[in-house]
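The primary structure of each chain is shown beneath.
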2 protein chains.
Amino acid sequence: MAGIKDVAKMAGVGVGTVSRMLNDSGYVSLDTRAKIEAAMKELNYTPNELARNLYYKKSGIIAVLVPNVSNPFFAEFVDCVEGELRKAGFKIMLCNTLKDVKAEAEYLDLLNRHIVDGIIAGMSSLDESEYSKIHKPIVALDRYLGEEIPVVTVDHKMGGRLAAEVLLRNGCKRILHFRSTAEKESLYHDRHAEFQKIMDEQGIETYCYDLDWRRLDIQYYHQVAEEVIEKNLKFDGVFGVDRLAIECMNGLIRQHKKIPEEVKIVSYDGTYITELVEPQISTIVQPIDRMAEESVKSLCELINGKKVKNKKSILIPEFRKGGTTV
Amino acid sequence: MAGIKDVAKMAGVGVGTVSRMLNDSGYVSLDTRAKIEAAMKELNYTPNELARNLYYKKSGIIAVLVPNVSNPFFAEFVDCVEGELRKAGFKIMLCNTLKDVKAEAEYLDLLNRHIVDGIIAGMSSLDESEYSKIHKPIVALDRYLGEEIPVVTVDHKMGGRLAAEVLLRNGCKRILHFRSTAEKESLYHDRHAEFQKIMDEQGIETYCYDLDWRRLDIQYYHQVAEEVIEKNLKFDGVFGVDRLAIECMNGLIRQHKKIPEEVKIVSYDGTYITELVEPQISTIVQPIDRMAEESVKSLCELINGKKVKNKKSILIPEFRKGGTTV
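The structure presented is a predicted model; accordingly, all values stated were derived computationally and were not measured.

**Notes on the overall build of chain A**
And step 1. Secondary structure assignment for chain A yields twelve helices and twelve strands.
And step 2. For 326 residues, the compact-globule estimate of 2.2 N^0.38 gives 20 Å, and chain A exceeds it by more than 25% at 25 Å.
And step 3. When its C-alpha atoms are laid out on the principal axes, chain A stretches across 85 × 40 × 30 Å.
And step 4. Looking at chain A as a whole, 59% of its 326 residues are labelled buried.
And step 5. Across chain A, the fraction of contacts at a sequence separation of at least 24, relative to all contacts at a separation of at least 6, is 68%.
And step 6. If you sum the accessible surface of chain A, you get close to 13,200 Å²; carbon and sulfur atoms cover 50% of it.
And step 7. Charged side chains of chain A number 45 positive and 49 negative; the gap between the two group centres comes to 3 Å.

Listed below in structure tokens is the structure:
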């Protein structure tokens, strides 16, 4: 396959000139540009993507980064984001970051090279500094990535409080609290701190189980639930993310425990799977559709060079009563 | 924003010339090309995507069309496809066709215009003729789109037979059969024909419920299950897609029916949600990961101009026993 040298040779210019043009890093006369392009075409030379979007700084494509799209929360988020972006005239490039640790950095690079016009970071494990370097359209979900970058989040502190209040109202005395952890601090974790704080204040006994943030797969949740159930801990209340709450409930049902009479359960996220089980799970619902709308709205403002009205959109979670609380 | 006329004017050429260049539809002198590009740059004119990939016939992007990614089957499929494409060095552009009937045609157009290098049609409702026009890398899931287009499917006839055999072995006499229909004939539906055929041969009474193919949302499945349960039909066996089987089981549990003693249930697809409920659903599992692998493999062969070894990959479904059959 032809390389930049062949192009330079055929165009009768130096490699530096071709590179200058491809990288838009200096003056190249129209005439020379024409010769170089003719040579590239003649040799069917495919340059780095930079060249492709050289003249046209818009690709019409937005990258959406999520841990994995088979996770119900992110499936619904991507679904909503795709719809919103479509309305705004953008296509969506999807990236599952769990499968490839380098993916996040790679997509930031695509942004720098005009392959994508913007990024919605539904998941981010890079240092804040990696992001602050980039002065391009980025919107973050649930994580503060610096002055420049709008964040869309939910009042997770309120979410944690709502969950705690429900279990307290239900008279729970010993609560199993599944805490998600993360390598990087995420706003998402406020719910755990708040939930725990309230329980401690109320002198409620809690068993805290710290989850591995890298594992979002159902096998892991199943195994964690099994592990806890086998321990035969005496608990009358459970708080954890949807799938874990469900796995836990199933384990209890297999032990012929009565839900909600013997054990009350409140989950976090409120994705569709909480309505798929019997009884349906009482849950703190994150407004996924609104999160998608806000993310796209802020991103479009950035792309259109407008000032982002709302650097931090904080949406309100709601309690939805199912059959796992009274 | 600047239009093609402004570009033509500034470049001192006719609109036709600019269009000829953008569409690569006729001779344009190097000199003129250079003037036009300079004008486009000066006016910060964003031409149709065609121009962007004019010289470079590869974008490194594959479009994946699915009805909606929040459907568990397609969420898992997209998840696997994304991983496979990543290994092959491609990025994935995601399109939810349910949200926009024009989307499918639009993406075929993107393919023609080199914006994407290939398409994996996880869902297709266009006429076969629309596809046969296009001699470009396309792989279809579960639907025959003509000679040229490799199809990845599952032996759904076998799947239907497996389901029928299980319910027969379980001694079911009156079976509720949820049939999915589609605007276009899809291989996916063989399972219903085969299932029904066997039941008829065995003289088993069946209630057939024909579903609206346009509805894949949980609300619809919930409503259908409610409707059927309220009718108080006397059935001792159920066959339907995962979510419907689950909704149906939940309705029965609410009626204090014993599963599997009083009613046996076999679902189709075997997505993770069948393992999320208690009891877990006995199901015919489609090998989603293998379907993704095969789709990507065939697509890459097409893109690399190789002869596709396997124009029709037929994968084998398997029965996975859960707690809804004995």
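**Some details on the packing of helix α8 (residues 156-169) of chain B against helix α9 (residues 190-201) of chain B**
Residues and elements named next belong to chain B.
And step 1. Look at α8 against α9: their axes get within 7 Å of each other, and the N-to-C directions meet at 35 degrees. Considering how the two elements wind past one another, α8 and α9 form a crossing that is right-handed. Within the contact between the two elements, α8 uses His 156, Lys 157, Gly 160, Arg 161, Ala 163, Ala 164, Leu 167 and Leu 168 and α9 uses Asp 190, Arg 191, Glu 194, Phe 195, Ile 198 and Met 199.
And step 2. Classifying every residue of the contact of α8 with α9 gives seven nonpolar, two polar and five charged.

**Overview of the packing of aromatic side chains**
And step 1. Going through the model one piece at a time under the given rule, you end up with ten aromatic pairs over all chains.
And step 2. Ring centres of Phe178(A) and Tyr209(A) lie 5.8 Å apart, and the angle between their planes is 55 degrees; this geometry places the pair in the tilted category. Of this pair, Phe178(A) sits in strand β6 (residues 174-180) while Tyr209(A) is found in strand β7 (residues 205-211), placing the two residues 31 residues apart along the sequence. This pair shows no difference in class: Phe178(A) is buried, exactly as Tyr209(A) is.
And step 3. Within the aromatic cluster, the residues linked to one another by ring pairs are Phe195(A), Phe239(A) and Tyr268(A).
And step 4. Just above the ring of Tyr268(B) sits the side chain of Arg191(B); from NZ or CZ to the centre is 4.5 Å.

**Considering helix α8 (residues 156-169) of chain A**
Residue and element names in this part refer to chain A.
And step 1. For α8, which comprises 14 residues, the first-to-last C-alpha distance of 20 Å matches the rise-based estimate of 20 Å (1.5 Å per residue) to within 8%.
And step 2. Among the residues of α8, His 156, Gly 159, Gly 160, Ala 163, Ala 164, Val 166 and Leu 167 are the ones counted as buried. Taken end-on, α8 shows its buried residues confined to a sector of 160 degrees, consistent with a single buried face.
And step 3. Positioned one or two residues after α8, Gly 171 has a phi angle of 75 degrees, which is positive.

**Digging into the packing of helix α2 (residues 15-22) of chain B against helix α3 (residues 30-42) of chain B**
Residues and elements named next belong to chain B.
And step 1. Packing of α2 against α3 leaves a shortest axis separation of 11 Å and a crossing angle of 95 degrees. Relative to α3, the element α2 lies roughly perpendicular. On α3, the residues that touch Thr 17, Val 18, Met 21 and Leu 22 of α2 are Thr 32, Arg 33, Ile 36, Glu 37 and Met 40.

**Observations concerning the domain arrangement of chain A**
One widely used convention gives an interface's size as the accessible area the parts lose upon coming together.
And step 1. Domain assignment breaks chain A into domain 1 (4-47), domain 2 (61-153 + 289-314) and domain 3 (156-287).
And step 2. On a C-alpha basis, the centroid separation for the pair domain 1 of chain A and domain 2 of chain A is 34 Å.

**Topic: the relation of the copies chain B and chain A**
And step 1. For the pair chain B and chain A, the best superposition has an RMSD of 0.7 Å and corresponds to a rotation of 180 degrees with a translation of 0.2 Å parallel to the axis. Considering both components of the superposition, the chain copies are consistent with a two-fold axis. Closest to the rotation axis within chain B is the C-alpha of Met93(B), separated from it by 2.3 Å.
And step 2. The overlap is high: 98% of the interface residues of chain B also sit at the interface in chain A, so the same surface is used on both sides.

**Focus on the pairing of strand β5 (residues 151-154) of chain A**
Residue and element names in this part refer to chain A.
And step 1. The alternating pattern of β5 places Val 151 and Thr 153 and Val 152 and Val 154 on opposite faces, both of which are buried.
And step 2. As judged from the two bridges shared by strand β4 (residues 138-141) and β5, these two strands associate in the parallel manner. From the neighbouring strand, Ala 140 faces β5, where its bridge partner is Val 151.
And step 3. Relative to strand β11 (residues 312-315), β5 runs parallel, the two sharing four bridges. Within β11, the position partnered with Val 152 by the bridge is Ser 313.

**Thoughts on helix α6 (residues 103-112) of chain A**
All names here are of chain A.
And step 1. Along α6, the positions that sit buried rather than exposed are Ala 103, Glu 104, Tyr 107, Leu 108, Leu 110 and Leu 111. Down the axis of α6, the buried side of the element spans an arc of 155 degrees, and every buried residue falls inside it.
And step 2. Downstream of α6 by one or two residues, His 114 has phi in the positive range, about 65 degrees.

**Digging into the side chain of His192(B)**
And step 1. Structurally, His192(B) is set in helix α9.
And step 2. Beyond its immediate stretch of four places on either side in the chain, His192(B) contacts His177(B), Phe178(B), Arg179(B), Ser180(B) and Phe239(B).

**Quick notes on the interface of chain B and chain A**
And step 1. With 58 residues of chain B at the interface, the matching set in chain A holds 59 residues.
And step 2. Summed over both sides, the interface of chain B with chain A buries roughly 5,100 Å², with 58% coming from carbon and sulfur.
And step 3. There are four salt bridges connecting chain B and chain A.
And step 4. Note that Glu106(A) is salt-bridged to Lys91(B), the shortest N-O span being 2.5 Å.
And step 5. There are 17 residue pairs in polar contact (both at pLDDT 80 or more) connecting chain B and chain A.
And step 6. Listing elements by their share of the side of chain B that touches chain A, those giving two or more residues are α3, α4 (49-52), α5 (72-87), β2 (91-96), α6 (103-112), α10 (218-230) and α11 (242-254) of chain B.
And step 7. Sort the elements by how many residues they give to the side of chain B that touches chain A and α5(B) lands first, with nine residues.

**Some thoughts on the sheet that holds strand β6 (residues 174-180) of chain B**
All names here are of chain B.
And step 1. A sheet is described by the order of its strands in space; here six strands give the open sequence β7-β6-β8-β9-β10-β12, paired in mixed fashion. Pairing within the sheet leaves two strands with one partner each, and these edge strands are β7 (205-211) and β12 (318-320). In this sheet, adjacent strand axes meet at a mean angle of 20 degrees when their direction is disregarded.
And step 2. Each of β6, β8 (237-241), β9 (264-269), β10 (282-285) and β12 is contacted by α8, which is oriented at about 170 degrees to β9, the strand it contacts most.

**Describing the side chain of Glu104(A)**
Residue and element names in this part refer to chain A.
And step 1. Here Glu 104 lies in helix α6.
And step 2. Notably, Glu 104 is buried but unbridged: the nearest opposite-charge side chain belongs to Arg 143, and the N-O separation is 5.1 Å.
And step 3. Here Leu 126 takes part through its backbone nitrogen, which lies 3.4 Å from a polar atom of the side chain of Glu 104.
And step 4. The residues contacting Glu 104, other than those within four sequence positions of it, are Leu 65, Met 123, Ser 124, Ser 125, Leu 126 and Tyr 131.

**Topic: the confidence of the model for chain A**
All names here are of chain A.
And step 1. Residues with a pLDDT of 70 or more make up 93% of chain A, whose mean pLDDT is 88.
And step 2. Note on residues 48-56: pLDDT under 50 across the span, and 32 contacts to partners over four residues away in sequence or across chains.
And step 3. For this predicted complex, the interface score ipTM comes out at 0.80, while the overall pTM is 0.81.

**Quick word on the nonpolar core**
And step 1. Counting residues in each nonpolar core, the largest one holds 138 residues, and the members touching the most others are Phe178(A) and Phe178(B).
And step 2. Residues in contact with Phe178(A), not counting those within four places in the same chain, are His192(A), Tyr209(A), Leu211(A), Val224(A), Val228(A), Val238(A), Phe239(A), Gly240(A), Leu244(A) and Cys248(A).
And step 3. One finds Ala63(A), Leu145(A), Met93(B) and Cys95(B) within the second-largest nonpolar core, a separate group that totals 42 residues.

Cut-offs and rules
- Residues numbered from 1 in each chain as written.
- Chains lettered and ligands numbered in written order.
- Predicted model: local features only at pLDDT ≥ 70, side-chain atom pairs only at ≥ 80, totals over all residues.
- Heavy atoms only, no water.
- Helix = DSSP H or I, 4+ residues; strand = E, 2+ residues; numbered from the N terminus.
- Rg over C-alpha atoms; globule rule 2.2 N^0.38 Å.
- Buried < 20%, exposed > 50% of the residue type's maximum accessible area, 1.4 Å probe, protein only.
- Contact = heavy atoms within 4.5 Å.
- Areas by Shrake-Rupley, 256 points an atom, 1.4 Å probe, with all protein chains shown as cover.
- Lys, Arg positive; Asp, Glu negative; His and termini not counted.
- Charge placed at Lys NZ, Arg CZ, Asp CG, Glu CD.
- Axes fitted to C-alpha atoms, helices over the stretch in contact; angles between N-to-C directions.
- Left-handed = near helix turned anticlockwise from the far one by under 90°.
- Nonpolar A, V, L, I, M, F, W, Y, C, P; charged D, E, K, R; others polar.
- Phe/Tyr/Trp six-rings, centres within 6.5 Å; stacked < 30°, edge-to-face > 60°.
- Lys NZ or Arg CZ within 6 Å of the ring centre and 35° of its normal.
- Expected span 1.5 Å × (residues − 1).
- Arc of directions from axis to C-beta.
- Parallel < 35°, antiparallel > 145°, perpendicular 65-115°, else oblique.
- Domains from an automatic or database assignment.
- Least-squares fit on C-alpha atoms with pLDDT ≥ 70 in both.
- Pairing = 2+ DSSP bridges.
- Buried area = accessible area lost by both parts, 1.4 Å probe.
- Salt bridge = Lys/Arg side-chain N within 4 Å of Asp/Glu carboxyl O.
- Polar contact = N/O pair within 3.5 Å; in protein donor to acceptor, adjacent residues only side chain to side chain.
- pLDDT = per-residue confidence, 0-100.
- Core = buried A, V, L, I, M, F, W, Y, C linked by side-chain atoms within 4.5 Å.

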